[in-house]
Amino acid sequence: MTAFAAVTEVIETYFDGLYHADTDRLAITFHPKAIYATADEAPLLYRTMDEYFAVVAKRVSPASRNEPRRDVIESVEFAGENTAFARVRCSIGTKDFIDFLTLVRTDGAWSIMAKIFQITERAT
C-alpha cells in the first residue's frame, strides 16, 4: 500500500468514526497522545484524546439521524516518509468543520497526531 493510500484509509476511518460517533474507530485513527484544538471557542478549546472521546461517546450520531455525509479530503501533503498533513471537511448537524490533520507514521502505521479545526454554522 502506498503512503497516500494508507493516509487516506486513516482519514476515511476517521470520517466513519465521526459519522457513527464511534470512539473505537476514532481510537484507531488517533495517536494516543494526539491533540484536539480550536480557537473558535474562547478560551482556546484543547482536549486530550480521553476528553475528546468522552464527548463523542455522548453525541447523537449523524448516522442515527440519517444526515447526508459531507466528507471531503481536500488535500494530502507529505513532509517525508513519516509526516503528512491533510486538509479535510465534514459536517455534524448544522455545523461544518474544516480540519487540519497532522499525521505521523510510527511502527509502520499512520495516525492522526493533531486535529486543529474551524467551525462554521451551515445555513439551513
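In this text, all values refer to a predicted model and were calculated from it rather than measured experimentally.

Caption draft 1: A look at helix 1 (residues 3–20). Between its first and last C-alpha atoms helix 1 spans 26 Å; for 18 residues at 1.5 Å apiece the expected length is 26 Å, and the two agree. Along helix 1, the residues that are buried comprise Ala6, Val7, Thr8, Val10, Ile11, Tyr14, Phe15, Gly17, Leu18 and Tyr19. The positive-phi residue at the C-terminal boundary of helix 1 is alanine 21, with phi of around 50°.

Caption draft 2: Here's a closer look at the sheet that holds strand 2 (residues 45–47). Spatially, 2-1-6-5-4-3 is the arrangement adopted by the 6 strands of the open sheet, whose pairing is mixed. A single partner strand is all that each edge strand has here, and the edge strands are strand 2 and strand 3 (72–78). With direction set aside, neighbouring strand axes in the sheet form an average angle of 15°. Across 4 bridges, strand 1 (residues 30–38) lies against strand 6 (residues 109–121) in parallel orientation. Bridge pairing in strand 6 links alanine 37 to isoleucine 116. Packed onto the sheet, helix 1 meets strand 1, strand 3, strand 4 (83–92), strand 5 (95–106) and strand 6 and runs at close to 145° relative to strand 3. Each of strand 1, strand 2 and strand 6 touches helix 3 (residues 49–58); the most contacted strand, strand 1, lies at about 75° to it.

Caption draft 3: Layout of the pattern of salt bridges. Applying the stated criterion to the full structure yields 8 salt bridges. A single salt-bridge network, built from bridges that share partners, covers Asp16, Arg69 and Asp71.

Caption draft 4: Fine view of the pairing of strand 4. Two elements, strand 3 and strand 4, share 6 bridges in a ladder whose sense is antiparallel. If you follow valine 76 over to strand 4, its bridge partner there is alanine 86. Counting the residues between successive antiparallel strands, the hairpin from strand 3 to strand 4 contains 4 residues. Here strand 4 hands over to strand 5 after 2 residues, with glycine 93 in that stretch at a positive phi of 60°.

Caption draft 5: Layout of the nonpolar core. Counting residues in each nonpolar core, the largest one holds 29 residues, and the members touching the most others are Ile11, Tyr14, Leu26, Phe30, Tyr52, Leu101 and Leu103. With 7 residues, the top contributor of residues to this core is helix 1. With residues up to four places along the chain from it excluded, the contact list for phenylalanine 30 reads Tyr14, Met49, Tyr52, Phe53, Ser111, Ile112 and Lys115.

Caption draft 6: How the structure looks around the side chain of serine 111. Its place among the elements puts serine 111 in strand 6. Take serine 111: its relative accessible area is 8%, and that puts it in the buried class. The residues touching serine 111, leaving out its near neighbours within four places in the chain, are Thr29, Phe30, His31, Thr102, Leu103 and Val104.

About the thresholds
Residues numbered from 1 in each chain as written. Predicted model: local features only at pLDDT ≥ 70, side-chain atom pairs only at ≥ 80, totals over all residues. Heavy atoms only, no water. Helix = DSSP H or I, 4+ residues; strand = E, 2+ residues; numbered from the N terminus. Expected span 1.5 Å × (residues − 1). Buried < 20%, exposed > 50% of the residue type's maximum accessible area, 1.4 Å probe, protein only. Pairing = 2+ DSSP bridges. Axes fitted to C-alpha atoms, helices over the stretch in contact; angles between N-to-C directions. Contact = heavy atoms within 4.5 Å. Salt bridge = Lys/Arg side-chain N within 4 Å of Asp/Glu carboxyl O. Core = buried A, V, L, I, M, F, W, Y, C linked by side-chain atoms within 4.5 Å.

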